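Spelled out, the chains give:
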Amino acid sequence: LSLYLSCSCFPFLLQASNDFSSFSKSDLASFTSNQIVEFLDQLLLQESVPCQKLEALQKAYDLATSGNAEIRFRWLQLGVRAAWEPSYAPSIAFLLDQGRMKFVRPLYRSMFKQPACRQRAVKAFEENRNFYHPIASNMIVKDLQDA
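Analysis parameters
Residues numbered from 1 in each chain as written. Predicted model: local features only at pLDDT ≥ 70, side-chain atom pairs only at ≥ 80, totals over all residues. Heavy atoms only, no water. Axes fitted to C-alpha atoms, helices over the stretch in contact; angles between N-to-C directions. Helix = DSSP H or I, 4+ residues; strand = E, 2+ residues; numbered from the N terminus. Parallel < 35°, antiparallel > 145°, perpendicular 65-115°, else oblique. Left-handed = near helix turned anticlockwise from the far one by under 90°. Contact = heavy atoms within 4.5 Å. Nonpolar A, V, L, I, M, F, W, Y, C, P; charged D, E, K, R; others polar. Expected span 1.5 Å × (residues − 1). Buried < 20%, exposed > 50% of the residue type's maximum accessible area, 1.4 Å probe, protein only. Arc of directions from axis to C-beta. Phe/Tyr/Trp six-rings, centres within 6.5 Å; stacked < 30°, edge-to-face > 60°. Polar contact = N/O pair within 3.5 Å; in protein donor to acceptor, adjacent residues only side chain to side chain.

Colleague: Sorry if this is basic, but what is going on with the packing of helix H6 (residues 88-97) against helix H8 (residues 115-128) here?
Modeller: If you want to describe how two helices pack, look at the angle between their axes and the distance between the axes. H8 packs onto H6 with a crossing angle of 20° between their chain directions and a minimal axis gap of 11 Å. Regarding the angle of H6 to H8, the classification is roughly parallel. At the point where H6 passes H8, the crossing takes the right-handed sense. Here H6 contributes Tyr-88, Ala-89, Ile-92 and Leu-96 to the contact with H8, which in turn contributes Ala-116, Cys-117, Arg-120, Ala-121, Ala-124 and Asn-128. Split into classes, the residues belonging to the contact of H6 with H8 amount to eight nonpolar, one polar and one charged.

Colleague: What is the right way to look at H8 in this model?
Modeller: The α-helix winds at 3.6 residues per turn, so residues separated by three or four positions along the chain end up facing the same way. In a regular helix each residue adds 1.5 Å, so 14 residues correspond to 20 Å; H8 covers 21 Å between its end C-alpha atoms and thus fits that length. Among the residues making up H8, those that are buried are Cys-117, Ala-121, Val-122, Ala-124 and Phe-125. Projected onto a plane normal to the axis of H8, the buried residues spread over an arc of 165° and lie on a single side. Exposed and facing more than 90 degrees away from the buried side of H8 are Pro-115, Gln-119, Lys-123, Glu-126 and Glu-127.

Colleague: Honestly, the packing of aromatic side chains in this entry has me stumped. Any pointers?
Modeller: Within a pair of aromatic rings, the relevant descriptors are the distance that separates the centres and the angle that separates the planes. According to the stated counting rule, one finds eight aromatic pairs in the structure shown. Taking the centre distance of 5.8 Å and the plane angle of 70° together, the rings of Phe-94 and Phe-103 count as edge-to-face. The class for Phe-103 is buried, based on a relative accessible area of 2%. Measuring from ring centre to ring centre gives 5.9 Å for Tyr-108 and Tyr-132, while their planes differ by 80°; the resulting arrangement is edge-to-face. Taken as a pair, Tyr-108 in helix H7 (residues 101-113) and Tyr-132 in the loop between H8 and helix H9 (134-146) lie far apart in primary sequence, 24 residues in all. The burial state of Tyr-108 is the same as that of Tyr-132; both residues are buried. Ring pairing ties together the aromatic residues Tyr-108, Phe-112, Phe-125, Phe-131 and Tyr-132, which thus form one cluster.

Colleague: Sorry if this is basic, but what is going on with unusual backbone geometry here?
Modeller: Trans is the common state for peptide bonds, and a negative phi is the common state for residues other than glycine. Unlike most non-glycine residues, Asp-62 shows phi in positive territory, near 50°. Position of Asp-62 among the secondary structure elements: in the loop between helix H4 (51-61) and helix H5 (69-81). For Ala-83, which is not a glycine, the phi torsion comes out positive at approximately 60°. When you line up the elements, Ala-83 lands in the loop between H5 and H6.

Colleague: Where do I start with the side chain of Gln-114 in this structure?
Modeller: Inspection of the secondary structure assignment puts Gln-114 in the loop between H7 and H8. With a relative accessible area of 15%, Gln-114 lands in the buried category. One polar contact links the side chain of Gln-114 to the main-chain carbonyl oxygen of Arg-81, over a distance of 3.4 Å. Setting aside residues no more than four positions away along its own chain, Gln-114 makes contact with Val-80, Arg-81 and Ala-83.

Geometric descriptors of this kind do not, in isolation, establish any biological role.
Written as structure tokens, this is what we have:
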């Protein structure tokens, strides 16, 4: 919570307004990685983030290409949960680059729930199943069956 309180622009970034023209790369310039993670966690707590807002945030902050897996994972989760099509290909790329169950299992579960990207996720998993640790692979299969 202290990270949240220390970031004075969070209320601005989390606003429900439909005016996203004022988002700027400088909004997050002074943030640490942990503060960006907290910012994304706050967005994930929202019931829904409009695709227009995700587009504006991506344009301003380019979070889909972050080298920090914690940041990129949360960003991609936001996109998939919102059924934001531009997040699907980067999500698949992340799943094939990142083998940690901490990241891949929740992201696969989210993708399995979205009709628009379910088949892509299934295909990516089936083609790359051996990339994952056997325990992770078996748990993802179970998630797919439960979805």
